[in-house]
Protein chains: 2
Amino acid sequence: MNYAFADRMMNLPESFLDRLFAVSSVPDIISFAGGLPNSRLIDVKGIKEAAIDVMTNEGEEALQYTTTDGYLPLRQYIADRYNKRLGLNATADEIRIVNGSQQCLDLVAKIFLNKGDHVGLEKPGYLGAIEAFSLYEPVFHGISLEDDGPVIEEFSSLVKDFSPKFFYGIPNFQNPSGRTYSTDKRRAIGEIVSGTDTVFYEDDAFGELAFDNKPIVPVKKFAGDNGIISGSFSKIIAPGMRIGWIYAPVKVIRTFDAAKQAADLHSNFLCQKIIHRYLETTDLDAHIKKITEVYQRHCRLMCELADEMLPDSVVRTDPKGGMFMLITLPEGMDSIKLFEEGLRQRVAVLPGVPFYTGKGGHDTIRLNFSAPDEENIKEGMERLAKAFLNM
Amino acid sequence: MNYAFADRMMNLPESFLDRLFAVSSVPDIISFAGGLPNSRLIDVKGIKEAAIDVMTNEGEEALQYTTTDGYLPLRQYIADRYNKRLGLNATADEIRIVNGSQQCLDLVAKIFLNKGDHVGLEKPGYLGAIEAFSLYEPVFHGISLEDDGPVIEEFSSLVKDFSPKFFYGIPNFQNPSGRTYSTDKRRAIGEIVSGTDTVFYEDDAFGELAFDNKPIVPVKKFAGDNGIISGSFSKIIAPGMRIGWIYAPVKVIRTFDAAKQAADLHSNFLCQKIIHRYLETTDLDAHIKKITEVYQRHCRLMCELADEMLPDSVVRTDPKGGMFMLITLPEGMDSIKLFEEGLRQRVAVLPGVPFYTGKGGHDTIRLNFSAPDEENIKEGMERLAKAFLNM
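Throughout what follows, the structure given in this document is the object of discussion.

Cut-offs used in this document
Residues numbered from 1 in each chain as written. Chains lettered and ligands numbered in written order. Predicted model: local features only at pLDDT ≥ 70, side-chain atom pairs only at ≥ 80, totals over all residues. Heavy atoms only, no water. Helix = DSSP H or I, 4+ residues; strand = E, 2+ residues; numbered from the N terminus. Rg over C-alpha atoms; globule rule 2.2 N^0.38 Å. Buried < 20%, exposed > 50% of the residue type's maximum accessible area, 1.4 Å probe, protein only. Contact = heavy atoms within 4.5 Å. Areas by Shrake-Rupley, 256 points an atom, 1.4 Å probe, with all protein chains shown as cover. Lys, Arg positive; Asp, Glu negative; His and termini not counted. Charge placed at Lys NZ, Arg CZ, Asp CG, Glu CD. Salt bridge = Lys/Arg side-chain N within 4 Å of Asp/Glu carboxyl O. Nonpolar A, V, L, I, M, F, W, Y, C, P; charged D, E, K, R; others polar. Least-squares fit on C-alpha atoms with pLDDT ≥ 70 in both. Pairing = 2+ DSSP bridges. Right-handed = clockwise from strand over helix to strand, strands pointing away. Core = buried A, V, L, I, M, F, W, Y, C linked by side-chain atoms within 4.5 Å. Phe/Tyr/Trp six-rings, centres within 6.5 Å; stacked < 30°, edge-to-face > 60°. Axes fitted to C-alpha atoms, helices over the stretch in contact; angles between N-to-C directions. Parallel < 35°, antiparallel > 145°, perpendicular 65-115°, else oblique. Left-handed = near helix turned anticlockwise from the far one by under 90°. Expected span 1.5 Å × (residues − 1). Bend = angle between axes of the 7 residues up to and from the residue.

Next up on the list: the overall build of chain A. The number of helices and strands found in chain A is 13 helices and 14 strands. In terms of overall size, chain A behaves like a compact globule, its C-alpha atoms giving a radius of gyration of 21 Å where 391 residues would be expected to give roughly 21 Å. Structurally, chain A occupies a C-alpha span of about 60 × 55 × 50 Å along its principal axes. Residue burial in chain A is summarised as follows: out of 391 residues, 65% are buried. Pairs at least 24 apart in sequence give 76% of the contacts found in chain A among residues at least 6 apart. About 13,800 Å² of surface is accessible on chain A, with carbon and sulfur atoms providing 48% of the total. Distance between charge centres in chain A, computed from 43 positive and 55 negative side chains, equals 1 Å.

Printed below as a string of structure tokens:
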């Protein structure tokens, strides 16, 4: 039988995500290509205790259906943390629980995008977002990302000329580049979108992973009702439970709820309760500090080795948090070919290509420093240096 | 700010699901309106033991990211059970794990439907499916559902005249009616779709809940590659973990994977492992028998009381499994008004209205017999009888 799939399924960029997971699990290969938090920094013991507590004291409820919006005490916790950490005025009514913040990408696109609508995003931009948005067949506009954020003139023209439904960005420790917007650019962006019909969709998967543990004022602070934020417990507690959230004005939430309900009724209730119980009994800031100390050490080591061992013409970003850095290759070197040569040397890197909606990314690779340990970073960078030599 | 939502969000039928959950949780009201499995039949102890086992022995892995397809041993279990129970030839390659079978509704619609494509469904049909499909803006065709399945002539004309991308049905103990297709109609439907471009999408949320515990041959047995099935652990283990699956030909699975990955990367890995561990250590058939014995008792009681206490002109279905029965009201009585009078009597029923894509359902109500206990069924039916009297 020939299946007559929808047109939207023909627009999908070639997927790298599953290929990544496959490469990451080959035992002999050192992978800098993935996007996994470090498994050894997951507090299995603490989560297990929270799970036992939930199952013992409210198992029947946690294992039953619940409402679409998500567990109220967890939403309240998230709102409180926004207010305390970032000086926002969030309420639980503005927070909804989703299956990891990837689900926000799908649902925000679903509620906003008609075919042919305009969407802005960073160039390079997060490949999971490009995949999710592509299925709603928008017109993409990539805005160049500098070390301190998007080029403001380009951003401003985009909003004026195309009135995109939303601009999607990762202001903190961006994926794939590790770059962070300056406060000036955050303010400028907030001012540009205010009063327009363009939403600034701020994916804050990494904001808690600042090496100096200092909070950074989000774009939403300047964008007001034009701003929405998505967040996730994947990088600070554990990704396998798939618990993320959206923080948006109530008018958006109302429509979002309809899409979420149609998509899967509600997110895993057991894990919402486990995470909430875990948060009640854990010093989250101390736990995050433990994570960021390790990631900072990994990042410094990788930066030093890159400066020392890779060709002088290589340019790298200088992450102050998060999980990724971006390397710009010497003139004429192709990232796909380097990827293949890397595999021959048993090191996996991620070519920049899937981070572009148009052409681009042949001159960059993304390196992940959260998942590999220091031993593997050393060995992997040596292998990568060899791969560069063979190009 | 005025948010410019997508056109698809304007097509949503008014949602009853959240209103249901809200009504169901008012303490003083006896609810026959919900769709919850009985909380007391959830094996909290067994699931807790499985959870402790998983967290103790493979916590790091279970709490990390995984691949989109789902946990292979769980997919293998599902395939094996299809083959053993229903005489199918399923392989793990044809099974994918989703966030409860509601997610299948969204993703199947997403991969198949262009705006304006034709979709067939039962009349009345499952309201969660109508909500999910509506967002892809198809043209709906309702086919009348008789006690032994859809009217075959209508079904045949629909396939011939409109070539719908798929027909969605619940052949076993249908929601909302409790009806079950006869084997003859299953065969006829399979023969009609074979060789066409129409998929028969068989939602089998309730098949395991046959009161006599006898397996029923699925439509897919006759439809071959034109058949796909969705299933769920929600009704036989626990809904709060949101673990369901799709069983479809590999050609469909490949496209489905792309949509699932964009939607949320993967389903909750921790709970996939917990459910698999639970299945390894539990006699699932014995557990299901325990559930169906209770549901059968509830159903018989409700049927007897309906026959005894409701007006003679009431017609009810005669469920042989599942969780629901459908009542056709006396001529001229309106289901929405009965719903409101029911609430005054402190009993909640579900009007048939949301189960129709067009007009309809003002002459029917759905009653749930799985969630309330026998005491509440007795008291609730008395209240319902009073509500009928007051109409």
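That shown, we press on.
Between chain B and chain A, the residue contacts involve 82 residues of the former and 82 residues of the latter. Our count for the chain B to chain A interface comes out at two salt bridges. Lysine 110 of chain B is paired through a salt bridge with aspartate 106 of chain A; the nearest N and O atoms lie 2.5 Å apart. Of all the secondary-structure elements, those providing two or more residues to the side of chain B that touches chain A are helix H1 (17-24), helix H2 (44-62), helix H4 (101-112), helix H5 (127-134), helix H9 (250-264) and helix H10 (269-281) of chain B. At ten residues, the largest contribution of residues to the side of chain B that touches chain A is made by H2 of chain B. Partitioned by chemical class, the residues of the side of chain B that touches chain A number 41 nonpolar, 25 polar and 16 charged.

A word on the side chain of lysine 220 of chain B. Residues and elements named next belong to chain B. By secondary structure assignment, the location of lysine 220 is in helix H8 (residues 220-223). One buried charged residue, lysine 220, forms no salt bridge at all, with the nearest opposite charge on aspartate 225 at 5.0 Å. Those residues within four positions of lysine 220 in sequence are excluded, and the remaining contacts are Glu202, Gly227, Ile229, Tyr247 and Pro249.

Further remarks concern the relation of the copies chain B and chain A. Each copy of the sequence occupies a distinct position, and chain B is placed on chain A by a rotation of 180 degrees and an axial shift of 0.0 Å, giving an RMSD of 0.0 Å. Given the turn and translation reported, the copies of this chain are related as if by a two-fold rotation axis. A shared binding surface is used by both copies, with 100% of the interface residues of chain B retained as interface residues in chain A.

Next up on the list: the pairing of strand E7 (residues 199-203) of chain A. Residue and element names in this part refer to chain A. Of all five residues in E7, five are buried; the element is thus mostly enclosed. Side chains of E7 alternate between two faces, with Val199, Tyr201 and Asp203 and Phe200 and Glu202 buried alike. Here strand E6 (residues 166-169) runs beside E7; their pairing, made up of four bridges, is parallel. Looking across to E7, one finds that phenylalanine 166 is bridged to valine 199. The handedness of the E6 to E7 crossover, carried by helix H7 (residues 183-193), is right-handed. Bridging between E7 and strand E8 (residues 227-232) involves four bridges; their strand directions are parallel. In the strand pairing of E8, glutamate 202 is matched with isoleucine 229.

Next up on the list: the pattern of salt bridges. Residue and element names in this part refer to chain A. The tally for this structure, following the rule as stated, stands at 56 salt bridges over all chains. Notably, a salt bridge pairs aspartate 318 with arginine 316, separated by 3.7 Å at the nearest N-O pair. Here aspartate 318 falls in the partly exposed class, since its relative accessible area comes to 45%. Taking relative accessible area as the criterion, arginine 316 reaches 24% and is therefore assigned partly exposed. Residues joined by salt bridges that share partners form a network here, namely Asp53, Glu58, Glu61, Lys273, Arg277 and Glu280.

Turning our attention to the nonpolar core. Ranked by internal contacts, the top residues of the largest apolar core, which has 218 residues, are Ile237 and Met241 of chain A together with Ile237 and Met241 of chain B. Leaving out residues up to four positions away in the same chain, methionine 241 of chain B has contacts with Leu63, Asn268 and Leu270 of chain A together with Ile47, Cys271, Ile274 and Ile275 of chain B.

All names here are of chain B. Scanning all chains against the criterion turns up 34 aromatic pairs over all chains. Ring centres 6.4 Å apart and planes at 75 degrees place the aromatic pair tyrosine 82 and tryptophan 245 in the edge-to-face group. Of the two residues, tyrosine 82 is situated in helix H3 (residues 72-86) and tryptophan 245 in strand E9 (residues 244-247); the sequence distance between them amounts to 163 residues. By relative accessible area, tyrosine 82 is classed as buried at 6%. Seen from their ring centres, phenylalanine 233 and tryptophan 245 are 4.8 Å apart, and the 55 degrees between their planes marks the pair as tilted. Highlighted residues: phenylalanine 233 in the loop between strand E8 (227-232) and E9 and tryptophan 245 in strand E9, separated in sequence by twelve residues. On the accessibility criterion, phenylalanine 233 (2% relative accessible area) is buried.

Once that is clear, we can look at the pairing of E6 of chain A. Residues and elements named next belong to chain A. Alternating residues of E6 divide into Phe166 and Tyr168 and Phe167 and Gly169, and every residue in both groups is buried. The pairing of strand E3 (residues 118-123) with E6 spans three bridges and is parallel. Looking across to E6, one finds that glycine 120 is bridged to phenylalanine 167.

Residue and element names in this part refer to chain A. In space, the eight strands of this open sheet follow the order E2-E9-E8-E7-E6-E3-E4-E5, with mixed pairing throughout. With one partner strand each, in any of the chains shown, strand E2 (95-98) and strand E5 (149-150) form the two edges of the open sheet. This element, helix H3 (residues 72-86), spans E2, E8 and strand E9 (244-247) of the sheet and lies at about 120 degrees to E2. Sitting on the sheet, helix H4 (residues 101-112) is in contact with E2, E6, E7, E8 and E9, with an inclination near 165 degrees to E7.

Pairing is antiparallel across the open sheet formed by four strands, whose spatial order is E10-E11-E14-E13 (chain A). Each having just a single partner strand, strand E10 (315-316) and strand E13 (350-351) of chain A make up the two edges of the open sheet.

Take the packing of helix H6 (residues 152-162) of chain B against helix H7 (residues 183-193) of chain B next. Residue and element names in this part refer to chain B. Packing of H6 against H7 brings their axes to within 10 Å, and their N-to-C directions diverge by 15 degrees. Classified by the angle their axes make, H6 and H7 are roughly parallel. Two packed elements cross with a definite hand, and for H6 against H7 that hand is right-handed. The residues of H7 that touch H6, namely those facing Ile152, Phe155, Ser156 and Val159, are Lys185, Ala188, Ile189, Ile192 and Val193. A per-class count over the contact of H6 with H7 returns seven nonpolar, one polar and one charged.

For H2 of chain B, built from 19 residues, the straight-helix expectation of 27 Å at 1.5 Å per residue is missed by more than 12%, its first-to-last C-alpha distance being only 20 Å. Along H2 of chain B, the largest kink reaches about 70 degrees and is centred on threonine 56 of chain B. Of the positions making up H2 of chain B, those classed as buried are Val44, Gly46, Ile47, Ala50, Ala51, Val54, Met55, Glu58, Gly59 and Ala62 of chain B. Tucked inside the fold, the buried residues of H2 of chain B contact helix H2 (44-62) of chain A together with H10 of chain B.

Residues and elements named next belong to chain B. The interhelical angle for the contact between H3 and H10, taken along N-to-C directions, is 50 degrees, at an axis separation of 9 Å. On the basis of their axis angle, the class for H3 and H10 is oblique. When you trace H3 past H10, the crossing you get is left-handed. For the pair H3 and H10, contact is made by Pro73, Leu74 and Tyr77 and by Gln272, Ile275, His276 and Leu279, respectively.

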